[in-house]
Amino acid sequence: MKTFFALSLTMASLTFGHAQQGQINVEQDEKITDLIEIYKTSNESSDYYRIQVGFGSYSKAQNIQANVEQDFPDLPSKIDFDSPTYRVRVGRFKNKLDAERKFNEVRKKYPDAMLLKPKKSTR
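Residues numbered from 1 in each chain as written. Predicted model: local features only at pLDDT ≥ 70, side-chain atom pairs only at ≥ 80, totals over all residues. Heavy atoms only, no water.

**Q** Mind showing me how you'd approach the sheet that holds strand β3 (residues 85-93) here?
**A** Consider a sheet: its strands pair through backbone hydrogen bonds, and that pairing is either parallel or antiparallel. Taken together, four strands build an open sheet; the order of strands is β2-β3-β1-β4 and the sheet is antiparallel. Each edge of the open sheet is held by one strand with a lone partner, namely β2 (77-82) and β4 (114-116). Here the strands of the sheet are splayed against their neighbours by 40° on average, with no regard to which way each runs. The strands that helix α4 (residues 96-109) touches are β1 (49-56), β3 and β4; relative to β1, the one it contacts most, it runs at about 35°. (Pairing = 2+ DSSP bridges. Helix = DSSP H or I, 4+ residues; strand = E, 2+ residues; numbered from the N terminus. Axes fitted to C-alpha atoms, helices over the stretch in contact; angles between N-to-C directions. Contact = heavy atoms within 4.5 Å.)

**Q** Whenever I open this one, the side chain of Asp80 confuses me. Can you help?
**A** The residue Asp80 is located in strand β2 in this model. A polar contact is formed between the side chain of Asp80 and the side chain of Arg89, at a distance of 3.4 Å. Setting aside its immediate chain neighbours within four residues, Asp80 contacts Thr85, Tyr86, Arg87 and Arg89. (Polar contact = N/O pair within 3.5 Å; in protein donor to acceptor, adjacent residues only side chain to side chain.)

**Q** Would you take a moment to explain the confidence of the model for the protein chain for this structure?
**A** Counting all residues, the mean pLDDT for the protein chain is 84, and 86% of those residues have values of 70 or more. The weakest mean pLDDT in the protein chain belongs to helix α1 (residues 2-18) at 73; the strongest belongs to helix α3 (residues 58-71) at 94. (pLDDT = per-residue confidence, 0-100.)

**Q** Looking at this structure, I do not really get the packing of aromatic side chains. What am I missing?
**A** For any pair of aromatic rings, geometry is given as the distance between the ring centres together with the angle between the planes. This model, assessed by the stated rule, comprises three aromatic pairs. Ring geometry for Phe72 and Tyr110: centres 6.4 Å apart, planes at 50°, overall tilted. Note that Phe72 is positioned in the loop between α3 and β2 and Tyr110 in the loop between α4 and β4, a separation of 38 residues in sequence. Residues Phe72 and Tyr110 agree in their burial class; the two are buried. Among the aromatic residues, ring-to-ring pairing joins Tyr58, Phe81 and Tyr86 into one connected group. Over the ring of Tyr48 we find Arg92; its NZ or CZ atom is 4.3 Å from the centre of that ring. (Phe/Tyr/Trp six-rings, centres within 6.5 Å; stacked < 30°, edge-to-face > 60°. Buried < 20%, exposed > 50% of the residue type's maximum accessible area, 1.4 Å probe, protein only. Lys NZ or Arg CZ within 6 Å of the ring centre and 35° of its normal.)

**Q** Please clarify how the nonpolar core should be interpreted in this entry.
**A** Soluble, globular proteins show a tendency: their nonpolar side chains are buried together. Grouped together as the largest cluster of nonpolar side chains are 16 residues, with contacts concentrated most on Ile51, Val53, Val106, Tyr110 and Ala113. Elements that contribute at least two residues to this core include exactly β1, α3, β3 and α4. Beyond its immediate stretch of four places on either side in the chain, Ala113 contacts Ile51, Gln52, Val53, Phe103, Val106 and Arg107. (Core = buried A, V, L, I, M, F, W, Y, C linked by side-chain atoms within 4.5 Å.)

Now the structure itself:
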């Protein structure tokens, strides 16, 4: 009798537990998406090796960036402002080996290029 009662109770709980279905809708404030994008851009260069190919005034940095984009179209380039000059930096390399390989290639065209190490996190 106990076995039958335990078996019936188990079957009933499995039937009701399995029969539950539903749909979940998550409503999220649009500002959360904006904050995530801001966070991504703030940490954009902190974990990557980069190559600095030149620096100077903003117009000079734009010229350097245009030349780099023609010479190395596969590398993302960015102009960063580090007071008092604008610096043109290219690439986003996760490991040092890839960064050094590309650095040697870039250095042939831009002899003043420098390999920049990732910024240390203060978290």
